[in-house]
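Single-letter residue listing:
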Amino acid sequence: MAFYSILFDKDGVQKETTVQPAFFTDLNLDQVIDALTAHKQEYNLKPFFYTPLRDVQTLRYRHEVMQDMEDETLMAHIKAFAEKMPIVRRYLDLVEKLDFNYHKKGWFLEAALAYCEAVTGLARDLNLTALKSRGFLALRDYITDYVHSQEFQTLLTEAKKVKDGLSGVKYCVMVRHNTVKVKKYEGETDYSVEVEKTFEKFKQGAVKDYGVDFSKGSGMNHIEAKILDFVVRLYPERFAALDRFCVSYNQFVDETIRVFDREIQFYVAYLDLVADIKHKGLSFCYPQVSVTSRQVYGYDGFDLALANTLLYTEKPVICNDFFLKDPERVIVVSGPNQGGKTTFARMFGQLHYLGSLGCPVPGRAARLFLFDQVFTHFEREEDIRSLRGKLQDDLVRIHDILACATPDSILILNEIFASTTLKDAVSLSKKIMAKLVKLDLLCIWVTFIDELACFSEKTVSMVSTIVPENPAVRTLKIVRKPTDGLAYALSIAEKHRLTSKQIKERIES
Amino acid sequence: MRVFLMYPDRDFEPNQKLPPNEAALMQDLELNTLFDAMALGDEFLFEMAKQTGLSSLSDPDLIRYRQDVLKDCLKNTTVVREIYQISIESIRNKQKHWMGIFTRYPSGILSSSIVMLQMFVGLLKKLRKIADEHAGQFASAGFTKFFAMIQQELDDDYFVEIENHLKALKFRGGVLLNAELGKGNEGVNYTLRKPNKHNAHWIKHVFAKKSPVYSFTLHPRDDHGARALGALRDRGINRVANAAAQSAEHIDNFINTLRQEIAFYIGCLNLSEQLAQLGESIAFPQPVSANERQHSFSGLYDVCLALTIKQKVTGNDLAADGKDLVIITGANQGGKSTFLRSIGLAQLMMQCGMFVAAESFCANICKGLFTHYKREEDVTMNSGKLDEELGRMSHIVDNITPNSMVLFNESFAATNEREGSEISRQIVSVLLEKRIKVFFVTHLYEFARVFFQKKMGSAIFLRAERQANGARTFKLIEGEPLQTSYGQDLYKQIFGLSRTES
């Protein structure tokens, strides 16, 4: 198989999306992707994370690559390569910015040397590693051929030869008042050493280092440039070789390798986060994916954004399960507030979205549906510019969603119609529910309206739970059971000593 | 070059951690009085006296090493004070001329260093002169080695060598640098190359060879270029500036070490002069190993008492070799506390290499010296007095090791005699078992009696002497503990009651 891309097994599909999907903020996926890409800005990885796939083959291709990369040795090799390639880019950028001819050319040569080192290193490492994925196997063939190619070999040899020549240049500079003289170095001895030796006998204990660090801030002022010009005249052949090199190899970076260097970071970024989260005792799994079956499940799933923010705390991350069997399509989540309902809804959405990227998803096991679109409707701050009331705003948004949604879409609704009377909310919700059920799409609906839970055979009721003895403590567990708002209400009443028995006792007879 | 006047093989560590019971020792043994006398108002001398006094040595050879140096000092006070003065001069010069390295540019670092080095060379020459003139008058291993080192390391040739460098480092003829090409063809590894000292026109010489030389001269108004050139020069002299600065610091440290190591002896000289004025005698003690049990002296007096009342005070004699328990009872105001303090002071003074306040003194070394004195009741504390005392005892137990010594002064008396005695008995018994030497001043008759009746060969009982008429001699004599402390005597003295009324 010819190597095409580490992210795609085939050509001719949309590889990137520049705009963040609308539902990202509702699902807190923006936080996840920000965290993933925080230290990888230069790769511009977000467009990959904005592009969900529906091609089961491509997703398998990515799973294979990820599974290979879970091997620590391979990951270390990839990271070693990834540390070198930015150096190449940085040097080439530098060349664009510099003013002096041989200063530019000197950095161009460094870039070429860094590139050769990165590529030969990767080729060697891949050949020492056991690989299984189609992606990596193809890459190994590609890079091995490339490294052995005439083109690369001459680049490598030439670059080294030119560098050796320049490294051997030694010259003397004499500064006196405003005059500078430059000549070849002819064996003059080091005076610093002699001074150090004279005072050697007083040495006792550590003293401060008075040396000034000149290593930082690469650059060249016009004086240094002038000196370099003289050095060029002292060693004309060595610089002529540099000239020839720069002309012959002005485009030395292989396009496929350049693309690989960026694309592989998609996996590195995600797997780094996975590794961190696993330290909290949480699991990830490669989900089964399907474009047809809506019988989905996720066991021990969790909200990845939440897990990431709790990463360095003692707080546990609560895992939850869900499953839908035909003909079930809509999960209605109800129960006490602060009980993890929204987190549960986000988890459902995140799992599906991350699954569509070909990533391992939060949880022990999962089967996911490959959607065409995701829609979310979370309660929002009233927006004065909309010139609409909140209820109206809710209705407009849900209308727009239903206009675009297809049976292959996923919809996540969170507490809509909260700003109207219960009676209105119930009747509006039922109307919407009827449309959803008819559309036959997958939906999570967080609501306080119990009636929705038993709307039809397609709806499933899930409830956030509390510790019965102490209703103030939330378990953050969402379980599949019929709504029983009463139990919760009773326990709250008990806490306030307002059960009938308590009231009886409190009120003097 | 090392001073080695405090130890034969290492520098004195002026910031050494003091024992955890430093505060108790200072208070119980009135050490401020001792150190004040050594310092004569000089803060530095005080610190060095305190540091040395409280950092006891446990090797008899080390103690003798310092005793020998101190004997030399006592014989050659003028010369020793002159050497100390050189180190003081260094500090004064630095302060007066604002010397120091305050810049971050190599050229500035270099010129500051040269100024300091020139000043130091002057002082080192003075030191050499003292060594040349007086080395023969010194007999101790410490001073002999010190002067020999000065004469050997700081010979005339060496001074010429330094001065040549200091001249050359002003670079009147320009700076010759050598460099290589690093990444991006940027100059790296700038190194200063050696000027030829036999040829005043060395630069010309270097550049007069046949190989091509290219040169350019900066436009006089090219300020940017002048700065760049300065930076280039700085790169070249970076390492030599560092070397010069570090050398200056090393010499500074050497002179400082000299000051630190002589300071203790200067303190001893100050003290000996004051004691001589009071007509008090001093003696170099004989330290014996910590495993032995020796404690014999004659004319041991409380040096702090003498310094405080500025007159000769009563001394005591003791022959307590082979003893590890000394229980002192007897008359109030009879000199018990003074005696106990003189024991502690002599131990500390011996173990830092000093003379002691006695006619003769020989004792085994202690691994640690601890004091447990009855304290004034602290009104701010909630814990009861016995509780507080036992708390301090517990701290001592946390830190004590075998072959240490504890001085108890009326401890555990904050309860009734029977309980106090029992507590004391138990504590002391365990300490003795652990090979810890105990001096115990007490009014707890029961406690003293129990040990007396055991007839242990390793215990000795002293009594504050009281003459038949109730007068105190402030002498301690060996004798069985008595059941009265003659408190009535004191009562009578204060209330002036007649015999018939009592």
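These notes cover the structure that comes with them. (Residues numbered from 1 in each chain as written. Chains lettered and ligands numbered in written order. Predicted model: local features only at pLDDT ≥ 70, side-chain atom pairs only at ≥ 80, totals over all residues.)

### Here's the deal with the sheet that holds strand 1 (residues 170–176) of chain A
As a general point, the strands of a sheet are linked pairwise by backbone hydrogen bonds and lie either parallel or antiparallel. Strand order in this open sheet of five strands is 2(B)-1(B)-1(A)-2(A)-3(B), and the pairing throughout is antiparallel. Taken across any chain shown, the strands that pair with only one partner, and hence form the sheet edges, are strand 2 (187–192) and strand 3 (213–217) of chain B. Taking the axes of each pair of neighbouring strands and ignoring which way they run, one obtains an average angle of 25° across the sheet. In this sheet, strand 3 of chain B lies alongside strand 2 (residues 179–184) of chain A in antiparallel orientation, the contact comprising five bridges. For Lys183 of chain A, the partnering residue across the bridge sits in strand 3 of chain B and is Val213 of chain B. Relative to strand 2 of chain A, helix 9 (residues 222–234) of chain A is tilted by about 30°, and along the sheet it contacts strand 1 and strand 2 of chain A together with strand 2 and strand 3 of chain B. (Pairing = 2+ DSSP bridges. Helix = DSSP H or I, 4+ residues; strand = E, 2+ residues; numbered from the N terminus. Axes fitted to C-alpha atoms, helices over the stretch in contact; angles between N-to-C directions. Contact = placed C-beta atoms within 7 Å.)

### Quick notes on the sheet that holds strand 8 (residues 360–364) of chain B
Residue and element names in this part refer to chain B. Pairing within the open sheet is mixed, and its four strands lie in the order 4-8-5-6. Since the sheet does not close on itself, it has two edges, and those belong to strand 4 (286–288) and strand 6 (316–319), each with one partner. Recorded for the sheet is a direction-independent mean angle of 20° between the axes of neighbouring strands. Where strand 5 (residues 295–300) and strand 6 come together, three bridges link them in antiparallel fashion. Note that in strand 6 the partner of Phe297 across the bridge is Leu318. Each of strand 4, strand 5, strand 6 and strand 8 touches helix 12 (residues 336–351); the most contacted strand, strand 8, lies at about 75° to it.

### Points about helix 12 of chain B
Residue and element names in this part refer to chain B. In a regular helix each residue adds 1.5 Å, so 16 residues correspond to 22 Å; helix 12 covers 23 Å between its end C-alpha atoms and thus fits that length. Within helix 12, 15 of the 16 residues are buried, which leaves the element mostly enclosed by the surrounding structure. Gly353 sits one or two residues past helix 12 and shows a positive phi near 100°. (Expected span 1.5 Å × (residues − 1). Buried ≥ 20, exposed ≤ 12 C-beta atoms within 10 Å, placed from the backbone.)

### Some remarks on unusual backbone geometry
Look at the link from Asp326 of chain A to Pro327 of chain A: it is a cis peptide, with omega at 5°. Relative to the assigned elements, Pro327 of chain A resides in the loop between strand 6 (320–323) and strand 7 (330–334).

### Regarding the interface of chain B and chain A
A common way to report how large an interface is uses the accessible area buried once the components associate. With 63 residues of chain B at the interface, the matching set in chain A holds 58 residues. Put simply, the parts of the chain that give the side of chain B that touches chain A at least two residues each are helix 6 (106–134), helix 8 (156–168), strand 1 (175–181), strand 2, helix 9 (202–206), strand 3 and helix 10 (223–277) of chain B. Per-element accounting of the side of chain B that touches chain A gives the leading share, 21 residues, to helix 10 of chain B. The residue makeup of the side of chain B that touches chain A, split by class, is 30 nonpolar, 18 polar and 15 charged. (Nonpolar A, V, L, I, M, F, W, Y, C, P; charged D, E, K, R; others polar.)

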